[in-house]
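Next come the chains, spelled out residue by residue.
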Amino acid sequence: MKVVFIGAGRLACNLAPALDSVGHEIVQVFSRTNESAAALAGKVGAVAVTDVADISNDADIYIMSVSDSVLPDLASRVCRGREKKLFVHTAGSMSVDVFKGLAWHYGVLYPMQTFSKDKTVDFSVIPFFIEASDKITENTLVGLAETVGGRVSLLSSASRRRLHLAAVFACNFVNHCYALSADILADEGIPFDVMLPLIDETARKVHDMSPVSAQTGPAVRYDVNVIDRQSGMLSNHPVVRGIYELMSQSIHEKALEDDKL
């Protein structure tokens, strides 16, 4: 397929090369800045553009990988004059209806993964969640995802929003906990890499058991002595202390709820 990427962020910087590598033609990369557009375009042999008026009409699919806040306005501008083309966005929390009334064929192509510009991911193990305006578009998007080896499922906008919320807990919040852990270690001059075997084993365990079954630590049985002492160590960091106390309470309540105690 001939593809135009609208946006040159972390997801686009992974998905565009993946599509290019299996034979799709990346025609253009649009971004607000020439630097980011040119950087991605150079990797996939595409033309970099920074003006909506310069976006090609000669593409089969327009993949919009931009922030939620700019998607509605940008979609209305990009779709104008190209209503018969296929448009998709890649957002977890935006409805497919953002394209309603703007294009005849549209959908969502949501690869659920955390992306970085400088780290290549293996799309063959990434689940893709598809939603489409019609059956033909659905088949096209499923086929497109399958060309990069994606595990494809159909999912409504409402369910995808819940999925995205779950991903925030499983990825973004967990990574923030790593950052807080790194800060605590830094106060004592301890390198963060001492945590890596623990992090890796924790992640491995949930491949074989439920997260509740894998949970350990003082909060499971709510060991007040340990919890109070550790909470006190965070007295100079009230926000982090609040996170610690709320997280401990939540872990204990989840253990009770699931009869782990």
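Just so you know, these numbers come straight off a predicted model, no measurement behind them.

Reading the values: the criteria
Once a new chain begins, its residue numbering starts again from 1 and follows that chain's sequence as written. Given that the model is predicted, a residue must reach a pLDDT of at least 70 before its local features are reported, and side-chain atom pairs must reach 80 or more before they are shown or counted; all residues, however, enter totals for whole chains, interfaces and linings. Only hydrogens and water are removed before side-chain values are computed, so all heavy atoms of the structure are retained for them. Between any two strands, at least two bridges found by DSSP are needed for them to pair. Segments assigned H or I by DSSP are reported as helices when at least four residues long, segments assigned E as strands when at least two residues long, and all are numbered from the N terminus. Axes, fitted as lines to C-alpha atoms, cover a helix only where it is in contact. Angles between the N-to-C directions of the axes lie from 0 to 180 degrees. Should any heavy atoms of two residues lie within 4.5 Å, those residues are counted as being in contact. Here a helix's expected span is defined as the number of its residues, less one, multiplied by 1.5 Å. Think of it in three bands: with a 1.4 Å probe and only protein chains considered, a residue is buried below 20% of the maximum accessible area for its type, exposed above 50%, and partly exposed in between. Directions from the helix axis toward the C-beta atoms define the arc. Think of it like this: strands point away, you trace from the first strand over the helix to the second, and a clockwise trace means the crossover is right-handed.

A. Focus on the sheet that holds strand β3 (residues 47-49). As summarised here, the arrangement of the eight strands in space is β3-β2-β1-β4-β5-β6-β7-β8, forming an open sheet in which the pairing is mixed. What marks the edges here is a single partner per strand, and that holds for β3 and β8 (151-154). Shown here is a sheet whose adjacent strand axes are inclined to one another by a mean of 25 degrees, direction ignored. Sheet topology places strand β7 (residues 127-132) next to β8; four bridges connect them, and they run parallel. Each bridged residue has a counterpart across the sheet, and for F129 the counterpart in β8 is S153. Along the sheet face, helix α2 (residues 34-44) touches β2 (25-30) and β3 and points at about 165 degrees away from the line of β3. Of the strands in this sheet, β5 (86-89), β6 (105-111) and β7 are in contact with helix α5 (residues 157-187), which crosses β6 at around 20 degrees.

B. Up close: the environment of I126. By the element assignment, I126 lies in the loop between β6 and β7. As a C-alpha pair, I126 and G150 span 24 residues in sequence and 5.7 Å in three-dimensional space. Beyond its immediate stretch of four places on either side in the chain, I126 contacts P111, M112, Q113, F115, V121, G150 and R151.

C. Examining helix α9 (residues 238-257) more closely. Taking 1.5 Å per residue as the helical rise, α9 with its 20 residues ought to reach 28 Å, and the 28 Å between its terminal C-alpha atoms agrees with that figure. Among all positions in α9, only Y244, S248, I251, H252 and A255 are buried. Seen end-on, α9 carries its buried residues on one side only, within an arc spanning 95 degrees. For α9, the exposed residues set more than 90 degrees away from the buried face come down to P238, V239, L246 and E257. Taken together, the buried residues of α9 touch α8 (224-232). At the C-terminal side of α9, D259 shows a positive phi close to 55 degrees.

D. Spotlight on the pairing of β7. Most of β7 is tucked away: five of the six residues are buried. In terms of strand pairing, β6 meets β7 through five bridges, oriented antiparallel. By the bridge assignment, P111 is partnered in β7 with F128. What joins β7 to β8 is helix α4 (residues 135-147), and the crossover it makes is right-handed.

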